[in-house]
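Structural overview for review
Residues per chain are reported as follows:
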Amino acid sequence: MLNAQDLSPSIYIAGHRGMVGAALVRALERAGYTQLITRTHAELDLTDQTAVETFFADQRPTQVYLAAAKVGGIHANDTYPAEFLYQNLLIEANIIQAAWRHGVERLLFLGSSCIYPRLAPQPMPETALLTGPLEPTNEAYAIAKIAGIKLCESYNRQYGTDFRSVMPTNLYGPGDNFDLANSHVLPALIRKFHQAKLDAAPSVTVWGSGTPRREFLHVDDMAAACLHVMDLDPDTWRTQVDPRCSHLNVGTGVDVTIAELAHMVAEVVGFQGQLVFDPSKPDGTPRKLLDVTRLRDLGWTAAIDLTDGIRQTYHWFLEHQGQIRL
Ligand SMILES: NC(=O)c1ccc[n+]([C@@H]2O[C@H](COP(=O)([O-])OP(=O)(O)OC[C@H]3O[C@@H](n4cnc5c(N)ncnc54)[C@H](OP(=O)(O)O)[C@@H]3O)[C@@H](O)[C@H]2O)c1
Ligand SMILES: C[C@@H]1O[C@H](OP(=O)(O)OP(=O)(O)OC[C@H]2O[C@@H](n3cnc4c(=O)[nH]c(N)nc43)[C@H](O)[C@@H]2O)[C@@H](O)[C@H](O)[C@@H]1O
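A quick note: this is a predicted structure, and the numbers were derived from the prediction, not measured. For every chain, the first residue of its written sequence is number 1, and the numbers climb from 1 along that sequence. Here chains are named by letter from A upward and ligands by number from 1 upward, in the order in which they appear as written. For a predicted model such as this one, the threshold for reporting local features is a pLDDT of at least 70, and the threshold for listing and counting side-chain atom pairs is 80 or more; totals across whole chains, interfaces and linings nevertheless cover every residue. No hydrogens and no water enter the side-chain calculation; it runs on all heavy atoms of the structure.

Structural notes on the overall build of the protein
- Scanning the protein for helices and strands turns up 12 helices and 12 strands.
- Projected onto the principal axes, the alpha-carbon positions of the protein cover approximately 65 × 45 × 35 Å.
- The rule is simple: take the accessible area with a 1.4 Å probe, protein chains only, and divide by the maximum for that residue type; under 20% is buried, over 50% is exposed, in between is partly exposed. Looking at the protein residue by residue over its 326 residues, the buried ones come to 52%.
- By definition, residues are in contact when any of their heavy atoms lie within 4.5 Å. Within the protein, counting contacts between residues at least 6 apart in sequence, those at least 24 apart form 82% of the total. Secondary structure elements are taken from DSSP: a helix is a run of H or I of four residues or more, a strand is a run of E of two residues or more, and numbering for both begins at the N terminus.

Listed below in structure tokens is the structure:
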């Protein structure tokens, strides 16, 4: 007689200690999945093909969430393009190859909204992929992510696998990276305004002009979207997610200027000084709002309001001062 544990798929979450990976573990546990497989970076370096192959041969997971990657904000991407391209190509290629060789039934690859052309029509539909030049500051990372989409698509076409891709917009939330040089804008602003409040500083410097627009999705919404896409039956995926653009945008469908975001974060943190914009820092893509109608038509929309999400993230930041990535 099979018990519930026998029927529950064994699920490998690659990058489980990261912001998205940790949110995926929370969501999967809440959904009642019990056979979760994880390995830390120290236990399994995903750029090591032999180690990844050995791990998959040994563990033989039923499903894989590919949330491991070298990740960073505009400065990190602009500064370390070789690392972003090399490491992310190796991670995705090693996992996708091993997943095929060892019979993984379903895999979800996480890309990024930076895969679209710098000046793509807004909001950006999935069909905008490969229709124009990329944003220079994160071109290396974008090419790695586009390769990940094409790996999934190619393995599905040649080997009949069920490897799916989602393209998240800018994410934030508990477990984010708050390092001032290499993080994304929202956690960086939380940390800057928090420190300025403690120091009674007269102003906080915001990079760039403040005019670029960005869309921000809370990581718990992202995890919910990942489970929703993973649970779509194969026929729905094959018929409704056209094989020619085998990925789905995941976002809120709403964006704000960086200046508006800065004012929102300052208000949540309680900083009352001035904002100083530093035009010597890059703005990056002027706008990258995702068209999220396809995922909406497949039954999922974001739930967490940006102001509430920033407030929750700031409280998490305050409660985890000793443990967070600074
Ligand atoms: N954050 C965003 O705004 C955003 C937006 C769009 C898409 N995404 C995508 O979402 C996914 C997760 O991003 P995230 O924000 O959760 O990033 P994150 O917090 O930096 O987590 C990435 C995880 O991958 C692990 N990792 C990196 N290189 C590894 C390696 N060679 N071997 C084993 N593990 C490795 C990291 O472990 P260590 O820290 O121990 O190295 C970390 O646990 C990524 O695919 C990213 O491209 C993120
Ligand atoms: C989702 C990620 O988007 C990333 O692009 P992108 O949104 O410009 O990355 P962010 O680093 O979030 O920057 C977004 C905007 O915020 C401005 N900004 C203002 N102050 C700050 C600050 O203190 N720190 C940071 N980091 N930005 C700041 C930054 O100049 C840029 O215009 C890509 O580089 C990644 O590859 C990934 O795709």
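Focus: unusual backbone geometry
- Across the junction of Gln 122 and Pro 123, the peptide omega takes the value -10°, indicating a cis bond.
- Among the structural elements, Pro 123 can be located in the loop between β4 (106-110) and α6 (139-159).
- Even without a glycine there, the phi angle at Arg 60 is positive, about 45°.
- When you line up the elements, Arg 60 lands in the loop between α3 (49-59) and β3 (63-66).
- Even without a glycine there, the phi angle at Leu 130 is positive, about 65°.

Quick notes on the pattern of salt bridges
- Think of a salt bridge as a Lys or Arg side-chain nitrogen and an Asp or Glu carboxyl oxygen that are within 4 Å of each other. A complete count under the given rule lists 14 salt bridges for this structure.
- In this structure, Arg 118 engages Glu 135 in a salt bridge whose closest nitrogen and oxygen atoms are separated by 2.5 Å. Remark: Glu 135 occurs in the loop between β4 and α6 and Arg 118 occurs in the loop between β4 and α6; sequence separation between them is 17 residues.
- We classify Glu 135 as buried; its relative accessible area is 4%.
- Via salt bridges that share partners, Arg 106, Asp 162 and Arg 164 belong to a single interconnected network.

A few points about the sheet that holds β4
- Strands were regarded as paired on the criterion that DSSP finds at least two bridges between them. With parallel pairing, the 6 strands of this open sheet are ordered in space as β2-β1-β3-β4-β5-β10. At either end of the open sheet lies a strand with only one pairing partner, and these are β2 (36-37) and β10 (247-250).
- Judged from the 4 bridges that link them, β4 and strand β5 (residues 163-168) form a sheet pairing that is parallel. By the bridge assignment for β5, Leu 110 is matched with Val 166.
- Interaxial angle, 0 to 180 degrees, is taken between N-to-C directions of lines fitted to C-alpha atoms, where a helix line uses only the stretch in contact. Sheet contacts for α6: β4, β5 and β10; angle to β5, the most-contacted strand, approximately 155°.

Thoughts on the site of ligand 1
- As a matter of local geometry, ligand 1 sits amid 26 residues, with Val 20, His 41, Tyr 141, Lys 145 and Arg 325 nearest to it.
- Considering ligand 1 on its own, with 900 Å² of exposed area, one finds that the protein chains cover 86% of that surface. Residues are classed as near a molecule or strand on a simple rule: at least one heavy atom within 4 Å of it. Shrake-Rupley sampling with a 1.4 Å probe provides the accessible areas, and residues are treated as covered by the protein chains on show and by no other component.

Digging into the site of ligand 2
- In the vicinity of ligand 2 lie 22 residues, with Ile 74, Lys 192, Arg 214, Pro 282 and Asp 283 positioned nearest.
- Whenever two N or O atoms come within 3.5 Å, that pair is a polar contact, provided that in protein one can donate a hydrogen and the other can accept it, and provided that, for residues adjacent in sequence, both atoms are side-chain atoms. Asn 77 places a side-chain nitrogen or oxygen 3.3 Å from an oxygen atom of ligand 2.
- Arg 214 is positioned such that a nitrogen or oxygen atom in its side chain is 2.8 Å from an oxygen atom of ligand 2.
- Starting from 690 Å² of accessible surface for ligand 2 in isolation, the protein chains cover 98%.
- At the level of secondary structure, the elements contributing two or more residues to the shell around ligand 2 comprise α4 (74-79), α7 (185-199) and β7 (203-207).
- Tallying contributions element by element places α7 first for the shell around ligand 2, with 3 residues.
- Grouping the amino acids of the shell around ligand 2 by side-chain chemistry returns 10 nonpolar, 8 polar and 4 charged. Note that Gly is not counted as nonpolar here; it falls among the polar residues with everything else outside the nonpolar set of Ala, Val, Leu, Ile, Met, Phe, Trp, Tyr, Cys and Pro and the charged set of Asp, Glu, Lys and Arg.

Looking at the pairing of β5
- Of all 6 residues that make up β5, 6 are buried, and the element is covered over most of its length.
- Every second residue of β5 is oriented toward a common face, with Phe 163, Ser 165 and Met 167 on one face and Arg 164, Val 166 and Pro 168 on the other, all of them buried.
- Viewed with both strands pointing away, a crossover whose connecting path from the first strand over the helix to the second turns clockwise is right-handed. Between the parallel pair β4 and β5, the chain is carried across by α6, and the sense of this crossover is right-handed.
- Of the pairings in the sheet, the one linking β5 to β10 comprises 4 bridges and is parallel in character. Counted as the bridge partner of Ser 165 is His 247 from β10.

Re the pairing of β7
- Side chains Val 204 and Val 206 project from β7 onto a buried face, and the interleaved Ser 203, Thr 205 and Trp 207 project onto a face without burial.
- Relative to strand β12 (residues 274-278), β7 is paired through 5 bridges, and the arrangement is parallel. Along β12, the bridge assignment pairs Val 206 with Phe 277.

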